[in-house]
Amino acid sequence: MVDVDKVLDEAGLTNPHVREYVSYWAGVTGAERIEVVSAADDERLLQESLEAGELLPVTGGRYYSRSYSKDTARSEERTVVATSNPEDKGVYNNWKPADETVKTLTERMTGASKGKTMYVIPYLMAPVGSPLEAYAAGVELTDSRPVVQQMIRMARVGIDYINDLADPSSFVRAVHVTGDLPNLGQGTDADQRLFATVADRRTILHYGSSYGGNALLGKIAHGLRQACYDGRASGKFLAEQFLLLGIKDKETGEEFHVVGGFPSASGKTNLSMTLSPDALGERYEVTFYGDDIAWIWVGEDGKLRAFNPENGVFGVAKDTNEKTNPGAIKAILPGSGAIFTNVAYNEKTQEVWWEGLTKHHPDDLDGWIDWKGERIADRIDDELGDPWAHPNSRFTTPISQVPNAAPDFDDAAGVPIDAIIFGGRTRDREPLIRAITDVAEGVYDGLTLGAEATAAADGLEGVLRYDPMSMRPFLAYEEGDYARHWLKIIGEATDKPVFAHVNWFQRDAEDGHFLWPGYRENVRALLWLLQFKKGEVKGQQSPVGIIPTEDELDLRGLDLPQRDLDRILNLDLKRWKQEMGFREQHLQQFKLPEEIWEAHKRVAAAIDEAAQA
Ligand code: GDP
Ligand code: PGA
Ligand code: MN
Ligand code: MN
């Protein structure tokens, strides 16, 4: 047995509640060694991982890691929210009773870290000194060294964050045990994996994965699921899977801030790191605050405010290139310390590659291995077209490396929010942008957000996989209560944000091409929204919001066919009528407040009226 007290004394970890928690889980997991880590240990831990072969070197002080081949994405089916109150059971949160969940996980974790080191990672999910600090501290225990290195990039990590807490017992207890990955029955009836947020005990217990989305507990489970729960329990804030960006008008000196909810793989990282299109000149500067999480509250000034609780970016590698996302490419250059997971790697030149980084894969196959670790040169005929990188391969890099990071990205006071946007992948029906000024209709719009069914998620053609506010995988309590909490928080703001729904993904019905060029050009739609909020443009009223007129949208330097432009600035009322029926079925699952139903009925009536005209 390790002498836990001795280790914690030497590390200077004085918080008695943290000490008790570490001792308890060291006993359960049976770890052979304990090590308290901080950001300053990064270099040493990287060297240890290189020596152990857990990481491979990438040129310029960067790193490559592979997760087990059946462990490459977040597992939504194996993820649960547990509490002692059955009323927390929602449609999407896989609610389970707290007692039995803790019991099951304690059993699975018993002795499961034998022979391993248990790393103690004290962290803070917030800028230092923020008004939400009481909800931001946590201590992750993990038996995986690469998880420590990724946490150091994604969160603020150090012992002072938990030694000096105002309430020393108020930290999230986040236990991660990797388990015996080749023997967990992933995807079978006997699947041993279980990822639980025991929200009313502020305890997270994740067993059976070392992939970042399941194992970086500060980010996913605390920053979103636990914070979603705490936000309502305290009545103080919203925690959402939202990007956060700034747009500065250098001519007028005005600054705007936008938060946006897009389901996973619908463009948050790309939009948040984007730059203003060259054709618009130097006037606008887009700045990065966050690409995946925003905590939102009403400040003492009555304004809606937000910050990104994270300290890094965990972005999809696929299709990231100089054209789609130049900011991301700069953030992972030599010297950035970036970690690449499940991309392709060259054992001789120590380079990395993924689909979409360049048009074609490297010509010389010598030295390249794919995301499973298999030599590309040894591929047999029917494997030749297989991707080199996993479609969910990722890069992990600190915000300090993002070239257009906002100078105030870690300001404890957050930034005032001017607009809340929602966007999914919708191949028809949804115009480029529609602004919504009524709060209940804005919240209603978020609740009916979705992305179209794809080959991966089966469903009916034209029926969305609904993803309320892009929070479907992270909702911690019942959806109706969630809607009420949203209405309460936004209702308390004196200066209401404008809402909008955006869609970069509308396609031509015949040849399938994207009607809108997307990426950097998306800034044009946001600029219209901000002008609309200031009253400089009026748009045209439609049954589902206000759509820009063609001359209001700044299209300088774009060469869009008129046909495509007409499509993205108009509604297909027949499809909208059909959609309203699907929405009704979707919303009926929840115990929604009357205001949301009223908003739904208003929109439905407006569509009917327009369709008859
Ligand atoms: P996130 O998971 O929400 O952060 O989404 P990402 O920003 O990583 O983007 C997911 C995928 O959508 C990537 O393959 C992007 O290249 C693609 N994507 C992002 N923005 C756009 C866009 O404006 N237009 C098109 N056509 N694709 C986009
Ligand atoms: P994503 O972030 O939204 O960029 O995919 C990570 C995740 O949600 O797992
Ligand atoms: Mn992302
Ligand atoms: Mn996400």
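Bear in mind the structure is a predicted one, so any value in this text is a computation, not a measurement.

Neighbouring ligand 1 are 17 residues; A265, G267, K268, N270 and Y519 lie closest to it. Between R425 and ligand 1, the recorded distance is 2.9 Å, taken from a side-chain N or O atom to an oxygen atom. In the environment of ligand 1, an oxygen atom lies 3.0 Å from a nitrogen or oxygen atom belonging to the side chain of N522. Element by element, the count of residues in the shell around ligand 1 is highest for helix α9 (residues 268-272), at 3 residues.

We now examine the site of ligand 2. Lining the immediate environment of ligand 2, one finds R74, I220, Q241, S264, K268, D292 and R394. Here an oxygen atom of ligand 2 sits 2.7 Å away from a polar atom, N or O, in the side chain of R74. R394 places a polar side-chain atom, nitrogen or oxygen, 2.8 Å from an oxygen atom of ligand 2. Within the complex, the protein chains bury 96% of what would otherwise be the 270 Å² of accessible surface of ligand 2. Broken down by class, the residue content of the shell around ligand 2 amounts to 1 nonpolar, 2 polar and 4 charged.

So, about the packing of aromatic side chains. Taken as a whole, this structure holds 18 aromatic pairs when the rule is applied. Among the aromatic residues, ring-to-ring pairing joins Y135, F237, W295, W297 and F307 into one connected group. Above the ring of F514, the side-chain terminus of R507 is found at 4.1 Å from the ring centroid.

In the numbering adopted here, UniProt assigns the feature "binding site: GTP" (unreviewed entry) to A265, S266, G267, K268, T269, N270, R394, R425, Y519, R520, E521 and N522. Maximum C-alpha separation among the annotated residues is 24.1 Å over a sequence range of 258 residues, too wide for a single clustered spot. Along the polypeptide, K268 turns up in helix α9. If we skip the residues at most four places from it in the chain, K268 touches Q241, L243, G260, F262, P263, D291 and D292. Position of R520 relative to the elements: it lies in the loop between β29 (498-502) and α13 (522-534). Once residues lying within four places of it in the same chain are set aside, the contact partners of R520 are T274, L275, S276, P277, D278 and P326. Polar contacts involving the side chain of R520 include one to the main-chain carbonyl oxygen of L275, which spans 3.5 Å.

Residues given the UniProt feature "binding site: substrate" (unreviewed entry) here are R74, Y211, G212, G213, S264, N392, S393 and R394. Relative to the helices and strands, S264 resides in the loop between β14 (255-261) and α9. Not counting chain neighbours up to four residues away, the residues in contact with S264 comprise R74 and Q241. Side chain to side chain, S264 and R74 meet in a polar contact 3.4 Å long. Inspection of the secondary structure puts R394 in strand β23 (residues 394-398). Ignoring sequence-local partners within four residues, the contact set of R394 consists of Y211, F314, G315, V316, A317, I339, F340 and T341.

Moving on, we get to the coordination of the manganese ion (ligand 4). Each donor-metal-donor angle would ideally measure 109.5 degrees in four-coordinate tetrahedral geometry, or 90 or 180 degrees in six-coordinate octahedral geometry. Q241 (OE1) and D292 (OD) make up the full set of protein donors to the manganese ion (ligand 4), lying at 2.1 Å. Separating the manganese ion (ligand 4) from the manganese ion (ligand 3) is a distance of 5.5 Å. With Q241 in the loop between β12 (237-240) and β13 (242-249) and D292 in the loop between β15 (284-290) and β16 (294-298), this residue pair connects regions lying 51 residues apart in the sequence. Take Q241 and D292: they sit in the same class, and that class is buried.

For the rest of this paragraph, the subject is the pattern of salt bridges. All told, the structure shown has 48 salt bridges when counted by the stated rule. Of the charged contacts, one joins K103 and E107 as a salt bridge, the two residues approaching to 3.6 Å between their closest N and O atoms. Taken together, the residues K103 and E107, both in helix α4 (residues 98-109) and 4 residues apart, mark about one turn of the helix. Note on accessibility: K103 and E107 belong to one class, exposed. Of the charged contacts in the structure, one is a salt bridge between D418 and K533, with a shortest N-O distance of 3.9 Å. Here D418 is found in the loop between β24 (415-416) and β25 (419-423), whereas its partner K533 is found in helix α13, with 115 residues between them in sequence. A relative accessible area of 16% places D418 in the buried class. The class of K533 is partly exposed, set by a relative accessible area of 31%. If you follow the salt bridges from partner to partner, you end up with E35, D41, R44, E48, E54 and R145 in one network.

Where helix α3 (residues 42-52) meets helix α5 (residues 145-154), the closest approach of the two axes is 10 Å, and the angle between their N-to-C directions is 145°. Crossing of α3 over α5 shows left-handed handedness. For the pair α3 and α5, contact is made by D42, L45, L46, E48, S49 and A52 and by R145, V148, Q149, I152 and R153, respectively. Across the contact of α3 with α5, the residue classes tally to 5 nonpolar, 2 polar and 4 charged.

With that settled, the discussion passes to the domain arrangement of the protein chain. Parsing the protein chain into structural domains produces domain 1 (4-52 + 75-235), domain 2 (239-311 + 410-611) and domain 3 (315-398). The C-alpha-based centres of domain 1 and domain 3 are spaced at 30 Å. Every contact between the two is made by 5 residues of domain 1 and, on the other side, 7 residues of domain 3. For the pair domain 1 and domain 3, the two sides together bury roughly 580 Å², of which 57% comes from carbon and sulfur. For domain 1, the biggest contributors to the area lost against domain 3 are Q150, R153 and Y211; these three give 86% of the whole. Between the two partners, domain 1 and domain 3, sit 0 salt bridges. Taken together, domain 1 and domain 3 are joined by 3 residue pairs in polar contact (both at pLDDT 80 or more).

What follows deals with the sheet that holds strand β17 (residues 304-307). In spatial order, the strands read β12-β16-β17-β24; together these 4 strands make up an open sheet with antiparallel pairing. Either end of the sheet is taken by a strand with one partner, and the two such strands are β12 and β24. Contacting β12 and β16, helix α8 (residues 218-234) runs over the sheet at an angle of about 160° to β12. Each of β12, β16 and β17 is contacted by helix α12 (residues 479-492), which is oriented at about 120° to β12, the strand it contacts most.

Moving on: the nonpolar core. The biggest cluster of nonpolar side chains holds 145 residues, and the ones touching the most others in it are V22, W295, I420 and W486. Core analysis: the second largest hydrophobic core is formed by 37 residues, A500, W516, L530 and V537 among them.

Turning our eyes to something else, we now look at the pairing of strand β6 (residues 117-124). With respect to burial, β6 is a largely interior element, 8 of its 8 residues being buried. With burial as the criterion, each face of β6 is covered, one bearing T117, Y119, I121 and Y123 and the other bearing M118, V120, P122 and L124. Pairing analysis gives 4 bridges linking strand β1 (residues 33-36) to β6, with the strands arranged parallel. Opposite E35, over in β6, you have Y119 as the bridge partner. Bridging between β6 and strand β7 (residues 137-142) involves 6 bridges; their strand directions are antiparallel. Opposite I121, over in β7, you have E140 as the bridge partner. Judged from the 2 bridges that link them, β6 and strand β8 (residues 156-157) form a sheet pairing that is antiparallel.

Conventions and cut-offs
- Residues numbered from 1 in each chain as written.
- Chains lettered and ligands numbered in written order.
- Predicted model: local features only at pLDDT ≥ 70, side-chain atom pairs only at ≥ 80, totals over all residues.
- Heavy atoms only, no water.
- Near = heavy atom within 4 Å.
- Polar contact = N/O pair within 3.5 Å; in protein donor to acceptor, adjacent residues only side chain to side chain.
- Helix = DSSP H or I, 4+ residues; strand = E, 2+ residues; numbered from the N terminus.
- Areas by Shrake-Rupley, 256 points an atom, 1.4 Å probe, with all protein chains shown as cover.
- Nonpolar A, V, L, I, M, F, W, Y, C, P; charged D, E, K, R; others polar.
- Phe/Tyr/Trp six-rings, centres within 6.5 Å; stacked < 30°, edge-to-face > 60°.
- Lys NZ or Arg CZ within 6 Å of the ring centre and 35° of its normal.
- UniProt positions renumbered as here; feature names shortened; annotations may be inferred.
- Contact = heavy atoms within 4.5 Å.
- Donors = N, O, S within 2.8 Å, 3.2 Å for Na, K, Ca; no water.
- Buried < 20%, exposed > 50% of the residue type's maximum accessible area, 1.4 Å probe, protein only.
- Salt bridge = Lys/Arg side-chain N within 4 Å of Asp/Glu carboxyl O.
- Axes fitted to C-alpha atoms, helices over the stretch in contact; angles between N-to-C directions.
- Left-handed = near helix turned anticlockwise from the far one by under 90°.
- Domains from an automatic or database assignment.
- Buried area = accessible area lost by both parts, 1.4 Å probe.
- Pairing = 2+ DSSP bridges.
- Core = buried A, V, L, I, M, F, W, Y, C linked by side-chain atoms within 4.5 Å.

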